[in-house]
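Residue-level listing of the chains:
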Amino acid sequence: MVRLEGVTRTYRQGAVTVEALKAVTIDVERGEYVALMGPSGSGKSTLLHVLGCLDRPTSGTYLLDGNDVTRLDDVALARVRNGHIGFVFQRFHLLRDETAIRNVELPLLYAGLPRAERRRRAGEALASVGLGAREAHRPGQLSGGEQQRVALARALVKSPRLLLADEPTGNLDSAAGASVLRLLDDLNAGGVTVILITHDPVVAAHGRRHLSIRDGVVSEVGPPVAGV
Amino acid sequence: MSSLLLAVLEGFRHVVRQPLRSALTAVTCAVAIAVTVNVISLNYGFDEDVRHDIARFGRLTIDVGRSPLIRPGAPRATFGEPELLRIREALVDLSAVTVPLRTESTGARGDAEVRRLVLAAVSPDYPRTLDVDLVAGRWFTAEERGLSVCVLDRSAAEALFPGVLPQAVLGRRLHLEREAGGDPAVVGVLDDPMTYRAVYEAFDESRSSRTLAGQLFSFRNVYVPESALASPELTMVHVALPDEARFATARGRLEAMWPVNDPDVPPERMSTVTVFARRSWIDAFGGTMQAGALLGNFVWMLVVLVACIMITTLNLITIRERYDEIAVRRCEGARRLDLAVQVTAEGLATSVAGGLLGLPLGYLGADALRRIVEFPFRFDPRYALAAILVSAALGAVSSVLPARRAAGLDPARVLSRRVT
Amino acid sequence: MRALDNVRLGLSRVRRRPVRSFLLLQGTIWGVAVAVFPAAVLQGTTEMVLAHGAEVGGDRVTIAADPTAVDAAPLETEDVDALRRALPDAGVAVVALAGLRVEKPAAPGPAVPDAFLHGPADAPAARGLVLAEGRLPVAPAAVPEVVVEGVLAGELARRSGGGALGADVPLPDGRAARVVGVLRERTPLARRTNDFGFDTEHPVFTGVTGRLLLHLGIPPGDDAWKRTDRCAYLVAEGTRVDWILLRVGPAQLRAAARAAERVLDGRGRAVVVFYPPVYPLLVGRELDRFRTVSLALFLSCLVMGAVVMANVGLLTALRRAGEVAVHRVEGATRRDVAVQWLVEGAAISTLGVVLGALLACALAALRVRLEPLAGMRWAFPWREAGIAGAVAVLAGVLAQALPASRAARMSPVDALVDE
């Protein structure tokens, strides 16, 4: 499903060159639930951005479902994100001035679906995360947990093959966080490939495969021990 | 005091750190100030010029003549020597200069032909009824009689002798196209009191009218000695008084003899002789010009108001973007006043810079408009200072709300949102 | 479908910030108003004068002997004949021309004319009056014949219990004249309009203009009879003429007045010529050059508006980076983002154009109300509004060009970084 081969990503910060990813090579099969752990500044967000086709590697290859996406132009990458990849962020990143249902409709809008169809599918996605009654609410009227579930619904509405979650419970209390993690578990059980980035071992424990990233280098590790 | 100065300097530094946005704001001010300086210059400059001109028409002069009432079939009012005598008797103790006027319409030919001029037979005292000087030559004397000599209004001289300077017109003769003929020699040329003759004539509908207004404005006359026209009837009597007190007395006496006509009185009961103090007209016209100038101010005020609204909106949005910066400054010890001063300094810096930019823009604009519209648009440097003050006021006013917002910000609320 | 959705997204941003959007489009509103308002008054008045010149005095020149002239001689029928011969040579197309002598009744009263107007049989045409019934008078006739104006005809009809035709009208010399024709009653506006084109009952005229005219020594005509529609026309005997009335096309008004004055002056006549001086300026398009001034003001307001919109656009591009990033993450291309921003600019400007046009109409209506000239009207100037509107919308779109380009070029990664 996801194959990175020798992917490197370097940035210039003034006169200094920073290597955020160093020859990363990983393989993620379809349906896997991968948890990626690393401290702050380790390059985990950079890796997520590359995986999400938001950023291009400086060198190396990224094959998504067998297709080399490193050679695609901006428009093609947008299409890939729209059709195949779902995102959930720590800070939700919902559109503040739109209702919940319009937030969820967003990817379908760029997919060119007609309005009625968009509305129907978005309604279903919201209902699937338990927010069917909150369609008309704006993010400011929802709790943190509810906002994250709206974000999840937005990721799900396009039936993605790959779901990328960047610290999805970072801004939530434990109850809300637990409910979001349960939803992720259910999604994975339904066949969606999930890559979860976190610094929290309790959250990471939900994954069935564990990777660690430190100073831009990714390595395979065992399941985390809570409290360590 | 020094912390306020620091705040001002911080404001200026911010302006320099955001060159594109500051420049865009300055351009907005520049356009507003360009319009302002143009309109003010035109308004007050034009008003000043015209009022200066018409003030020379004779503020201490009274005209007495036949009432301009059209009543066909009614017997023609007499106005001649008896009336002149009455006037002289009434004003004998006031050192008044009384100048009888006889006029005749005639064509004339010098180097060029002019279809119609007014031939005005007056005494040598005529110049005392106006504040207009000769630009060349002299007035005729009491000894010069008939159509031997004449004095020309400058615009008449330019029409009869195109391209010839007034000095060079002296001694030339013109031929009068009238039954009785006449070839007077030019002995003097009277200045043209109308700075904007070209504008006036473009819109003049009374150019050839012999109404009082037409005569006052036209200044396209040929003045000849009193004896040149022999009609027993007079067109008008001009009475020039030496000072305000005697002017008022003379006016009172003359209006007692011939009451002023009121538009509400039916024409058949109006007086057949009119006493017309020129200053009534000068003041009325001056008042109209002043009203026009005041109205004209609405134009630049509107443009400045629009600029003010837009720049205030822009500044409010800018302040919103800078909540973090403002919160941090407050954490580091800035007072509310410091922030208000900083924001105001930013506003003033860009608006005054814009104002200075607006001055050359206004100059170019006036130049272009003058050429295209053929109207005396101008850029008057006297009003540049007023325009700069307007730009400063614009900057200050459009900073009031943004400064209040910046000063009123609660840093804790702003920063706690970020810290989540 | 996608293009339409991009447009909807752009418009929704304008809707979300109504107050800010309204403030930002002040430049467009006032700019368009300044461009459209004078054009509205110019167009409306020109159309009115050209279509209804007879009603508002836009087609008439009135000439009388100058009462102040020393060398004045009264006008005569020969002067009218001279005009009739000379005016066509001067390029003036005469619609009607007549000389009238005015005779007042011995005693006023009901069904007694306010004035007897002696002139040629077709004299009413020179006053813009139309025959409604009967025929024009002929002379000599066994019984003197008159044509009466509309209001007087009504009084005569009421007195006789039938129509006015055939009724008797007492002449000042004691004879009775028979009504052979009735002229159509004029509109109230036409009756109120004087020889200068002013509505004599307009508050500004009665309060200001009328007095100013008298002040300037411009003679008010002894002309109450001109405004009552209670006159009677007879075929003239004798040569004295009190008023010469000349009707021409509105575009020729000034040329006709000047030509007439020249002809009469050449005959040694000192005259005063009345006609509405404003209408020839409008119809002849001499005030067109002043459109440059309103154009300059329009462009000034527009430039200010566009510059501030660009400034605000650049600011909000920064603030909306997160929002833009979400769109990009979910599949929006750079083009989508740019189109949405440009549509926002076009939408704000279009709204400004509409509001500005409405404001211009309100200002034009107010201006017309305050004006004592009878023919002053306003009409929506589609051409000027269209051009001003198109330029304003284009300016709004251009103002958003730089912000749109910035927003489109922003990397979503930079906005999404949480570390």
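Rules used throughout
Residues numbered from 1 in each chain as written. Chains lettered and ligands numbered in written order. Predicted model: local features only at pLDDT ≥ 70, side-chain atom pairs only at ≥ 80, totals over all residues. Helix = DSSP H or I, 4+ residues; strand = E, 2+ residues; numbered from the N terminus. Buried ≥ 20, exposed ≤ 12 C-beta atoms within 10 Å, placed from the backbone. Contact = placed C-beta atoms within 7 Å. Nonpolar A, V, L, I, M, F, W, Y, C, P; charged D, E, K, R; others polar. Pairing = 2+ DSSP bridges. Axes fitted to C-alpha atoms, helices over the stretch in contact; angles between N-to-C directions. Expected span 1.5 Å × (residues − 1). Arc of directions from axis to C-beta. Domains from an automatic or database assignment. Parallel < 35°, antiparallel > 145°, perpendicular 65-115°, else oblique. Left-handed = near helix turned anticlockwise from the far one by under 90°. pLDDT = per-residue confidence, 0-100. Core = buried A, V, L, I, M, F, W, Y, C linked by C-beta atoms within 7 Å.

## Considerations on the overall build of chain A
A tally of helices and strands in chain A yields 7 helices and 10 strands. Dimensions of chain A, computed from the C-alpha atoms along their principal axes, are close to 45 × 45 × 35 Å. A total of 228 residues make up chain A; the buried ones form 46% of that total. In chain A, 68% of the contacts between residues at least 6 apart in sequence involve partners at least 24 apart.

## Some points on the interface of chain A and chain C
At the junction of the two partners, chain A supplies 26 residues and chain C supplies 22 residues. Of all elements in the fold, only α1 (44-51), α2 (74-84) and α3 (100-110) of chain A reach the threshold of two or more residues within the side of chain A that touches chain C. With 6 residues, α2 of chain A is the single largest residue contributor to the side of chain A that touches chain C. Taken together, the residues of the side of chain A that touches chain C break down into 12 nonpolar, 8 polar and 6 charged.

## A word on unusual backbone geometry
With phi around 50°, Ser95 of chain B is a residue other than glycine that occupies positive phi space. Within the secondary structure, Ser95 of chain B is located in the loop between α3 (81-90) and β2 (97-109). The phi dihedral of Asp229 of chain C falls on the positive side, at around 55°, and the residue is not glycine. Among the structural elements, Asp229 of chain C can be located in the loop between α8 (203-215) and β9 (231-235). The buried category is assigned to Asp229 of chain C, around which 22 C-beta atoms lie within 10 Å.

## Describing the sheet that holds strand β9 (residues 209-214) of chain A
By definition, the strands of a sheet pair up through backbone hydrogen bonds, in either a parallel or an antiparallel sense. All names here are of chain A. Strand order in the open sheet formed by 6 strands is β6-β7-β8-β3-β9-β10, with mixed pairing between adjacent strands. Because the sheet does not close on itself, it has two edges, and the strands there are β6 (85-88) and β10 (217-221). Each neighbouring strand pair of the sheet contributes to a mean axis angle of 20°, computed without reference to strand direction. Here strand β7 (residues 162-166) runs beside strand β8 (residues 193-198); their pairing, made up of 5 bridges, is parallel. Of the residues in β8, the one forming a bridge with Asp166 is Ile197. In the packing of α1 onto the sheet, contacts are made with β3 (33-37), β7, β8 and β9, and the angle to β7 comes to roughly 155°.

## Things to note about the sheet that holds strand β5 (residues 67-68) of chain A
Pairing is antiparallel across the open sheet formed by 4 strands, whose spatial order is β2-β1-β4-β5 (chain A). Two strands close off the open sheet at either side, each with one partner strand: β2 (16-28) and β5 of chain A.

## Details of helix α8 (residues 244-257) of chain B
Residues and elements named next belong to chain B. If you check α8, its first and last C-alpha atoms are 20 Å apart, about what 14 residues at 1.5 Å a residue would give, namely 20 Å. Every buried residue belonging to α8 is among Phe247, Ala250 and Leu254, and all of these are buried. What you see down the axis of α8 is that its buried residues fit within an arc of 70°, all on one side. Set apart from the buried face of α8 by more than 90 degrees, the exposed residues are Ala245, Gly252 and Ala256. Turning to α8, the residues buried within the fold contact β1 (61-66), α3, β9 (236-240) and β10 (273-277).

## A closer look at the domain arrangement of chain B
Residues and elements named next belong to chain B. For chain B, the assigned domains are domain 1 (3-53 + 285-419) and domain 2 (99-237). Inter-centroid distance (C-alpha atoms) of domain 1 to domain 2 is 53 Å. With 5 residues of domain 1 at the interface, the matching set in domain 2 holds 5 residues. Taken together, the residues that form the side of domain 1 that touches domain 2 break down as 3 nonpolar, no polar and 2 charged.

## Things to note about the packing of helix α11 (residues 291-319) of chain C against helix α14 (residues 382-399) of chain C
All names here are of chain C. Put simply, α11 and α14 touch, their axes get as near as 8 Å, and they point 25° apart. As the angle between them shows, α11 and α14 are arranged roughly parallel. The two elements α11 and α14 meet at a crossing, and its hand is right-handed. Residues Phe298, Leu302, Ala306, Met309, Ala310 and Gly313 of α11 form the contact with α14, whose participating residues are Ala388, Val391, Ala392, Ala395, Gly396, Leu398 and Ala399. By residue class, the composition of the contact of α11 with α14 is 11 nonpolar, 2 polar and no charged.

## Some points on the confidence of the model for chain B
Residue and element names in this part refer to chain B. On average, residues of chain B score 84 in pLDDT, and 92% of them are at 70 or above. At the low end of the mean pLDDT range in chain B sits helix α7 (residues 212-218), at 60; at the high end sits strand β7 (residues 185-190), at 95. We note a pTM of 0.79 for the whole complex and an ipTM of 0.78 for its interfaces.

## Regarding the nonpolar core
Side chains of nonpolar character tend, in soluble globular proteins, to be buried together. Ala307 of chain B together with Val36, Val148 and Ala260 of chain C are the most contacted members of the largest nonpolar core, which totals 264 residues. The greatest single-element share of this core, amounting to 17 residues, is contributed by helix α2 (residues 19-54) of chain B. Not counting the four nearest positions on each side in its chain, Ala307 of chain B is found in contact with Thr28, Cys29, Ala32 and Leu394 of chain B together with Met304 of chain C. Core analysis: the second largest hydrophobic core is formed by 54 residues, Leu101, Trp139, Leu176 and Leu254 of chain B among them.

## As for the environment of Val143 of chain C
Residues and elements named next belong to chain C. The residue Val143 is located in the loop between β5 (131-134) and β6 (145-148) in this model. Taking the C-beta count within 10 Å as the criterion, Val143 has 10 such neighbours and is therefore assigned exposed. Val143 sits 90 residues away from Gly53 along the chain, and the two C-alpha atoms are 36 Å apart.

## Considerations on the packing of helix α5 (residues 144-156) of chain A against helix α6 (residues 174-189) of chain A
All names here are of chain A. Remark: α5 packs on α6, axes separated minimally by 9 Å, with the N-to-C direction vectors making an angle of 15°. In terms of their interaxial angle, α5 and α6 are classed as roughly parallel. Handedness of the crossing formed by α5 with α6: right-handed. Contacts from Gly144, Gly145, Gln148, Arg149, Leu152 and Leu156 of α5 reach α6 at Ala176, Ser179, Val180, Leu183 and Leu187. Split into classes, the residues belonging to the contact of α5 with α6 amount to 6 nonpolar, 4 polar and 1 charged.

## Description of the pairing of strand β1 (residues 60-65) of chain C
All names here are of chain C. Counted residue by residue, β1 has 6 buried out of 6 residues, so it is predominantly covered. Burial along β1 is two-sided: the residues Arg60, Thr62 and Ala64 and Val61, Ile63 and Ala65 are all buried. Bridge count for β1 against strand β11 (residues 243-248) is 4 bridges, and the pairing is antiparallel. The residue of β11 that forms the bridge with Thr62 is Leu245. The sheet contact formed by β1 and strand β12 (residues 271-274) spans 4 bridges and is antiparallel. Following the sheet pairing, Thr62 is matched in β12 by Phe274.

## Examining helix α12 (residues 384-408) of chain B
With 25 residues, α12 of chain B extends 36 Å from end C-alpha to end C-alpha; this agrees with the ideal 36 Å at 1.5 Å per step. Along its buried surface, α12 of chain B packs onto α2, α9 (278-321), α10 (323-331) and α11 (336-373) of chain B.

## Digging into the environment of Phe298 of chain B
Residues and elements named next belong to chain B. With respect to the helices, strands and loops of the structure, Phe298 is situated in helix α9. In this structure Phe298 comes out as exposed when scored by C-beta crowding, with 11 C-beta atoms within 10 Å. Distance from Phe298 to Glu104, taken between C-alpha atoms, is 46 Å for residues 194 residues apart in sequence.

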